[in-house]
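So the chains spell out like this:
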Amino acid sequence: MPTTNGRRKESEIQAAEGPADPELESLIAPQGYSPELVDDVATMETPAQQRRAAIRFLLGLVAVVAIGFWFCTPANLVIPEFAPAPFDIHQRPSPPSNKFLEDVIPKTVGSFKLVDLKKEQVFKEPYTGATVVRATYVDDIGDPASVVMIEAASYINARRYLENYKTLLNQQTEITEWQEKLYIQENFIRWAAPNFADQAYGLAWNNGRYFIAVTSPISAAQQEVAAEFPY
């Protein structure tokens, strides 16, 4: 039976006297992994830390925007006062969006009945390039009133038609009465211009992205249709 006689095995001697194992550069680096990658993992933020950093960033961004708005807004900024919109025009429902505009024109408005309806693309002011639905109404004694409706792409475009209408009136007739609100989303113009034929009296406004104008050569007719129009 083999015996070592108290001597260490050759393999033990080699293990004890051989070169030392190389020291790992990172205490947490598994064998074969790049130390740089391990260091990146070791310093990586936890999800909770990332959420806190995101919240701090958003709060800082809001603070910067608020400070910028504060310093960029003139100290003497005054929001203009406007005449109240007549007939609660900005409280009315919008025309149904699932119907063609010509199909939402009412057959009667107050004591006025629809006698003519046409849809056409217009190439003159104040509706240049727009597709216009024009309805003509008359009452029992034959007094006429006209309604124009345009489905614009936005309230901004609808307001542009109002601004164009204002320019047209100022250029082509003498206005004796005037009211307006041309500011942000709810806009209207109201006028009396007795020399302006069938548009002598008028009220035009926007209902969201829809432009609506009611005109007549007779003040009472214009007022009744404007007051009773559903949109």
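Residues numbered from 1 in each chain as written. Predicted model: local features only at pLDDT ≥ 70, side-chain atom pairs only at ≥ 80, totals over all residues. Heavy atoms only, no water.

Novice: I would appreciate a short explanation of the pairing of strand β5 (residues 177-181) in the present structure.
Specialist: It is a general feature of regular strands that their side chains alternate between the two faces of the sheet. Both β5 and strand β6 (residues 188-192) contribute to a ladder of 5 bridges, which runs antiparallel. Residue pairing for β6: Trp178 is matched across the bridge by Trp191. A loop of 6 residues connects β5 with β6, the two strands running antiparallel in sequence, and Ile184 in this loop sits at a positive phi of about 60°. (Pairing = 2+ DSSP bridges. Helix = DSSP H or I, 4+ residues; strand = E, 2+ residues; numbered from the N terminus.)

Novice: It is not clear to me how the side chain of Asn207 should be interpreted in this structure. Could you clarify?
Specialist: The topology assignment puts Asn207 in strand β7 (residues 201-207). If we ignore the near neighbours within four places in the chain, the residues touching Asn207 are Arg92, Pro93, Ser94, Pro95, Ile212 and Tyr231. (Contact = heavy atoms within 4.5 Å.)

Novice: Could you clarify how one ought to interpret the side chain of Ser216 in this entry?
Specialist: Note on placement: Ser216 falls in strand β8 (residues 210-216). At a separation of 3.1 Å, a polar atom in the side chain of Ser216 contacts the main-chain amide nitrogen of Ile218. (Polar contact = N/O pair within 3.5 Å; in protein donor to acceptor, adjacent residues only side chain to side chain.)

Novice: So what exactly am I meant to see when it comes to a nonpolar patch on the surface here?
Specialist: Nonpolar side chains collect at one region of the surface, where Phe57, Leu58 and Leu61 lie side by side and expose about 330 Å² of accessible area between them. Relative to the helices and strands, Leu61 resides in helix α3 (residues 47-72). (Patch = residues over 30% accessible without salt bridge, like charges linked within 9 Å, V, L, I, M, F, W, Y side chains within 5 Å. Areas by Shrake-Rupley, 256 points an atom, 1.4 Å probe, with all protein chains shown as cover. Salt bridge = Lys/Arg side-chain N within 4 Å of Asp/Glu carboxyl O.)

Novice: Explain the pattern of salt bridges to me, please; I cannot follow it from the model alone.
Specialist: A side chain with one charge can pair with a side chain of the opposite charge if their charged atoms come near. One pass over the full model with this rule turns up 5 salt bridges. One salt bridge in this structure joins Arg159 and Glu163, with 3.8 Å as the shortest N-O distance. A residue pair is termed a helical-turn pair when its members lie 3 or 4 positions apart in one helix, as Arg159 and Glu163 do in helix α4 (residues 155-172) at 4 residues. Taking the relative accessible area as the measure of exposure, Arg159 reaches 18% and is therefore buried. Glu163 gets classed as partly exposed once you look at its relative accessible area, which sits at 35%. (Buried < 20%, exposed > 50% of the residue type's maximum accessible area, 1.4 Å probe, protein only.)

Novice: Looking at this structure, how should I read the packing of aromatic side chains?
Specialist: Taken as a whole and judged by the stated rule, the model has 6 aromatic pairs. Summarising the aromatic geometry, the rings of Tyr127 and Tyr165 are spaced 6.1 Å apart at their centres and angled 80° between planes, so their arrangement reads as edge-to-face. Placement of the pair is Tyr127 in the loop between β2 (112-121) and β3 (131-138) and Tyr165 in helix α4, with a sequence separation of 38 residues. Both residues of the pair, Tyr127 and Tyr165, belong to the buried class. Relative to Trp191, the ring of Tyr165 lies with its centre 4.9 Å away and its plane at 40°, an arrangement referred to as tilted. With a gap of 26 residues between them, Tyr165 in helix α4 and Trp191 in strand β6 connect regions that are remote in the sequence. Summarising the burial analysis for this pair, Tyr165 and Trp191 share the class buried. Taken together, the ring pairs connect Tyr127, Tyr161, Tyr165, Trp191 and Phe211 into an aromatic cluster. (Phe/Tyr/Trp six-rings, centres within 6.5 Å; stacked < 30°, edge-to-face > 60°.)

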